[in-house]
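# Descriptive analysis of the structure
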Amino acid sequence: MVESWVGAMSRLLPRAIREGGHEFTFLTRDLHHYLRSAPEGTAHPLLGARNVITADTNDLATLLPYIERLHRTLRFDGVVTSCDYYLPTAARLAAALGLPGPEAAAVTDACRKDATRRVLERAGVPGPRYAVCPDLAAATEAARDLGYPLVFKPVDLCAGMYVRRIADENELAAAHRALAGFPVNARGQRREPAVLLEELLHGPEVSVETVSYGGVTRVVGVTDKSLGGAPAFVETGHMFPAALPEAQRAAAAGTAVRALAALGLDGLVAHTEIKLTPGGPRVVEVNPRPAGNRITELVRHVTGVDLAAACVDVALGRAPDLAVRDTGVRSAAVGFLIPETTGTLEGIDGAETLTGAPGVLEARLAGPGTAVKASGSNNDYLGHVMAADHEGPGARERVERLLAGLRPRTAVRP
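Below is a summary of the structure that appears in this document.

Reading the values: rules and limits
Every chain is numbered independently, its residues counted from 1 as its sequence is written. Given that the model is predicted, a residue must reach a pLDDT of at least 70 before its local features are reported, and side-chain atom pairs must reach 80 or more before they are shown or counted; all residues, however, enter totals for whole chains, interfaces and linings. For side-chain calculations, the full set of non-hydrogen atoms in the structure is used, while hydrogens and water are omitted. Where helices and strands are cited, they refer to DSSP runs of H or I of at least four residues and of E of at least two residues respectively, numbered from the N terminus. What the globule rule says is 2.2 Å times the number of residues to the power 0.38, and the radius of gyration is computed from C-alpha atoms. Each residue's exposure class comes from its accessible area (1.4 Å probe, protein chains only) as a fraction of the maximum for that residue type: buried when under 20%, exposed when over 50%, partly exposed otherwise. Residue contacts are defined here by distance: any two heavy atoms, one from each residue, within 4.5 Å place the two residues in contact. Only the protein chains shown count as cover for residues, with accessible areas throughout obtained via the Shrake-Rupley method and a probe of 1.4 Å. In this tally, Lys and Arg are treated as positive and Asp and Glu as negative; His is ignored, and so are the chain termini. In plain terms, the charge of a residue is placed at NZ if it is Lys, CZ if Arg, CG if Asp and CD if Glu. Note on method: axes are straight lines fitted to C-alpha atoms, helices fitted across the in-contact stretch only, with angles between N-to-C directions ranging 0 to 180 degrees. Reported orientations rely on four angle classes, namely roughly parallel under 35 degrees, roughly antiparallel over 145, roughly perpendicular from 65 to 115, and oblique for the rest. Note on convention: the crossing is left-handed when the near helix lies turned anticlockwise from the far helix by less than a right angle, right-handed when the turn is clockwise. We call Asp, Glu, Lys and Arg charged. Ala, Val, Leu, Ile, Met, Phe, Trp, Tyr, Cys and Pro are nonpolar, and the rest, Gly among them, are polar. Strands are treated as partners if at least two bridges between them are detected by DSSP. A helix is expected to span 1.5 Å multiplied by its residue count minus one. Here, the arc refers to the directions that run from the helix axis to the C-beta atoms.

## Things to note about the overall build of the protein
Across its full length, the protein carries 12 helices and 17 strands. For 414 residues, the compact-globule estimate of 2.2 N^0.38 gives 22 Å, and the C-alpha radius of gyration of the protein, at 21 Å, lies within 12% of that figure. If one aligns the C-alpha atoms of the protein with their principal axes, the spans along those axes are about 55 × 55 × 50 Å. Within the span of the protein, comprising 414 residues, buried residues form 50% of the whole. Long-range pairs, those at least 24 residues apart, make up 69% of the contacts in the protein with a sequence separation of at least 6. When the accessible surface of the protein is split by element, carbon and sulfur atoms take 51% of a total near 18100 Å². Here the protein contributes 44 positively and 47 negatively charged side chains, and the mean placements of these two sets differ by 2 Å.

Pasting the structure below:
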């Protein structure tokens, strides 16, 4: 395992590896990046690795020969990661070791939003009108052609960081300045300064969860998404399956499969975001890894399909188990508690109402003393609530009702 996210997948992927009867070596440049996220007094699941090895995972030129030497002793069977910033690295390592995995060039294109746009446009897969802009002058000119409002995106960041709805030139300049002040990502990698401008698409947003193996892509299902935090695009919740007419569900799924084929992606679990516009589905992003934000757990509660386990299987070159089982759950939803102010969390009033509430599957909230940051991305939630509906598509309504009863108290910093 080459690095990991510090959220859900840092626990779900080690669990899937262990339950599959395997062991793993964890490779990281900074182990403390993960240990800081473990609750006090608990062992982080990544420490369940058979080996924990420190190496510069950002320097591929020295990493490749080092891993080749390790391989002669440890005999790896596959390479995985859940972190977007290391998906191309994992694919390169797998190829160098002769192990299963997606094509590194295809993964690199999927991880770069500008490259994804170009590939999909050439293949005729529908998306927004866009422009790739190397600097503010080019962005200002392109914005006049695209027309406001539009969407401003870094080409190589994740979790909605610095993605903004832009209404005019002043907001464009401000967004550009803010991004310029973040030249290195959270993993110490220097960022590409180019930005992507896209027309603002209208309509509900969904994601299509797929598993590609042996040249065949299977659609596991379609998840809906709620957004907030304007002008940012913060994911505030999800429900699986999305409450959609069958024609819309099929159109979204078909568009995602076309996008994966155009990019040449195979041997992976993917999470493709689709906007259902009045003119039909449009691709927002293609993520060549399992969904985050607990979506994989929503899928598992409803269908019994374990996407984390599927990720491990395809990395080993094995056919994944995608058989749908009757779990008794008809819909499952997760909602996130979004910070509105920056400061220190004193407590969350109403948290006691979650205990024993009907249908609750998970309830995890930040504790007093937590640093709160209203940053406008998916990185700074104060917790989440997950609930199920055993009768129909009512899980989202149940989660939203529970979240409405929570009131964070934050001591605002001077």
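Once the structure has been displayed, the description carries forward.
## Some thoughts on the packing of helix H3 (residues 60-74) against helix H4 (residues 87-97)
The packing of two helices is summarised by the inter-axis angle and the distance between the axes. The contact between H3 and H4 brings their axes to 10 Å, and the two run at 45°. With respect to H4, the element H3 is oriented oblique. Between H3 and H4 lies a crossing of right-handed hand. For the pair H3 and H4, contact is made by Leu60, Leu63, Leu64, Ile67, Glu68 and His71 and by Thr89, Arg92, Leu93, Ala96 and Leu97, respectively. A breakdown of the residues in the contact of H3 with H4 according to their chemical character gives 7 nonpolar, 2 polar and 2 charged.

## A short note on the sheet that holds strand S17 (residues 407-412)
Strand order in the open sheet made by the 3 strands is S15-S13-S17, with antiparallel pairing throughout. Strand pairing shows two members of the sheet lacking a second neighbour, strand S15 (371-372) and S17, which therefore form its edges. Bridge count for strand S13 (residues 343-349) against S15 is 2 bridges, and the pairing is antiparallel. Bridge pairing in S15 places Thr344 opposite Ala371.

## What about H3?
The terminal C-alpha atoms of H3 lie 20 Å apart, and with 15 residues this matches the ideal 21 Å at 1.5 Å per residue to within 8%. For H3, the complete set of buried residues consists of Leu63, Leu64, Ile67, Leu70 and His71. Relative to the axis of H3, the buried residues are bounded by an arc of 130° and lie together on one face. The exposed set on the far side of H3, more than 90 degrees from its buried face, consists of Ala61, Arg72 and Thr73. One or two residues past the end of H3 sits Arg75, with phi positive at roughly 55°.

Note that all results are geometric; they support no functional claim without further evidence.
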